[in-house]
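Breakdown of the fold
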Amino acid sequence: MGKPLFYEIVEKPATSCIIGICSAIWFYIQKKNIGYSHVGLSYETAIEGHHWRIITSAFSHISVLHLVFNMSALWSLGVVEQLGHMGLGVAYYLQYTLVLVVLSGVLVLGIYHILIQRFKVDYFRRVTAVGYSCVVFGWMTILSVKQPSSKLDLFGFLSLPISFAPFESLIFTSIIVPQASFLGHLSGIIVGYAIAWGLIHGMNNFWAISMLGWIVVIFVFSLKRSGAYDFNFLEIESVTDPSLPSVRFLGNGRTLQMSALPLEGVEVV
């Protein structure tokens, strides 16, 4: 007999919080009748400056089956939080979840860009992706390298060897759910291997908090600039040199002029 649910929640605090957040967002989406086009990530919306969709698409689910599959897999993968003795643990889990969310989203946009611009496959221009699958597939991959003897439990009764789970799940979801984002899942696997093999490393609390801060800043400004949400306390305008954007905080009348270089980098992505 397994442990009571309460004890498992205590042992997987980060996973439990993420599942709670995704479930609450799903409930809100259903209540407000929000669709793929409102929160999903596509190449077309990305080049229009909707960079905030990299975050909203990751935590949003439209179908309850999609939500249940992802959260069931994520719950099983939460064992990473209990592997502190192997150099993993809660901090590692949170730090690299942040990396997986951002880099898998950026990578899938990069793949779309190559397919559209190089191979002229315009179909991918408007393909819209939502769901936490990129991160789930990333953690499947990391765990398959770090602890290949583990099992991935789905829905409480289906158990897969973790060493094959990333590609088994990739093929399974592509067959069972034809509209599943093959490239999105593949992006999660690629970033997962990059983390597991040490190609992406060095994350600690300082870099994670710094990265989170930049994500919040870019999220807010892309929402404002794309017109998706009107922040009444912010106004973006050009001052002195039209090429240098400035940010005005309307509450106190202060104006902050910023270098265009970071924003140019964001626009390219």
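The structure presented is a predicted model; accordingly, all values stated were derived computationally and were not measured.

Focus on the overall build of the protein chain
Within the protein chain, the regular secondary structure consists of 12 helices and five strands. For the protein chain, the proportion of its 269 residues judged to be buried stands at 43%. Pairs at least 24 apart in sequence give 66% of the contacts found in the protein chain among residues at least 6 apart. Working note: accessible area of the protein chain is about 14,500 Å², and carbon and sulfur atoms make up 67% of it.

Points about the UniProt feature "transmembrane region" (unreviewed entry) in the protein chain
Residues given the UniProt feature "transmembrane region" (unreviewed entry) here are residues 12-29, 50-73, 93-116, 123-142, 154-175, 182-200 and 206-223. Secondary structure content for residues 50-73 is 71% helix and 0% strand, while the C-alpha to C-alpha distance between its ends is 29 Å. Counting secondary structure, residues 182-200 comes out at 79% helix and 0% strand; the distance between its end C-alpha atoms is 23 Å.

Side note on a nonpolar patch on the surface
A surface patch of nonpolar side chains, amounting to about 350 Å² of accessible area, comprises Val64, Leu65, Val68 and Phe155. Here valine 64 is to be found in helix α6 (residues 64-77). Looking at valine 64, the relative accessible area reads 46%, which means it is partly exposed.

Observations regarding the side chain of histidine 61
Mapped onto the secondary structure, histidine 61 falls in the loop between α5 (53-59) and α6. On the basis of relative accessibility, which here comes to 0%, the residue histidine 61 falls in the buried class. For histidine 61, the side chain forms a polar contact with the side chain of asparagine 70, separated by 3.0 Å. One polar contact links the side chain of histidine 61 to the main-chain amide nitrogen of tyrosine 132, over a distance of 3.2 Å. Excluding anything up to four places from it in sequence, histidine 61 contacts Cys22, Trp26, Ile29, Gln30, His66, Leu67, Asn70, Met71, Gly131 and Tyr132.

Some points on the pairing of strand β1 (residues 151-154)
Burial of the side chains of β1 is restricted to one face: Leu152 and Leu154 are buried, whereas none of Lys151 and Asp153 on the reverse face is. Where β1 lies against strand β2 (residues 158-161), four bridges are found, and the strand directions are antiparallel. By the bridge assignment for β2, aspartate 153 is matched with serine 159.

Re the packing of helix α8 (residues 133-146) against helix α9 (residues 165-176)
Helix packing geometry: the angle between the two helix axes and the distance between the axes. Taken N-terminus to C-terminus, the directions of α8 and α9 make an angle of 150°; their axes are 8 Å apart at the nearest point. On the basis of the axis angle, α8 is roughly antiparallel to α9. Contacts between α8 and α9 involve Phe137, Met140, Thr141 and Ser144 from the former and Ala165, Pro166, Ser169, Leu170 and Thr173 from the latter. Split by residue class, the contact of α8 with α9 holds five nonpolar, four polar and no charged.

Remarks on the pattern of salt bridges
Evaluated as defined, the whole model comprises three salt bridges. Lysine 12 serves as the salt-bridge partner of glutamate 8, at 3.9 Å between the closest nitrogen and oxygen. With its nearest N and O atoms 3.7 Å apart, the salt bridge here joins arginine 125 to aspartate 122. Accessibility expressed as a relative area gives 42% for aspartate 122, which makes it partly exposed.

Quick look at the packing of aromatic side chains
Scanning all chains against the criterion turns up 10 aromatic pairs. The aromatic ring of tryptophan 75 is capped on one face by lysine 12, whose charged end is 4.4 Å from the ring centroid. Taking the ring centre of phenylalanine 119 as reference, the NZ or CZ of arginine 118 above it sits at 5.8 Å.

Conventions we followed
Residues numbered from 1 in each chain as written. Predicted model: local features only at pLDDT ≥ 70, side-chain atom pairs only at ≥ 80, totals over all residues. Heavy atoms only, no water. Helix = DSSP H or I, 4+ residues; strand = E, 2+ residues; numbered from the N terminus. Buried < 20%, exposed > 50% of the residue type's maximum accessible area, 1.4 Å probe, protein only. Contact = heavy atoms within 4.5 Å. Areas by Shrake-Rupley, 256 points an atom, 1.4 Å probe, with all protein chains shown as cover. UniProt positions renumbered as here; feature names shortened; annotations may be inferred. Patch = residues over 30% accessible without salt bridge, like charges linked within 9 Å, V, L, I, M, F, W, Y side chains within 5 Å. Salt bridge = Lys/Arg side-chain N within 4 Å of Asp/Glu carboxyl O. Polar contact = N/O pair within 3.5 Å; in protein donor to acceptor, adjacent residues only side chain to side chain. Pairing = 2+ DSSP bridges. Axes fitted to C-alpha atoms, helices over the stretch in contact; angles between N-to-C directions. Parallel < 35°, antiparallel > 145°, perpendicular 65-115°, else oblique. Nonpolar A, V, L, I, M, F, W, Y, C, P; charged D, E, K, R; others polar. Phe/Tyr/Trp six-rings, centres within 6.5 Å; stacked < 30°, edge-to-face > 60°. Lys NZ or Arg CZ within 6 Å of the ring centre and 35° of its normal.

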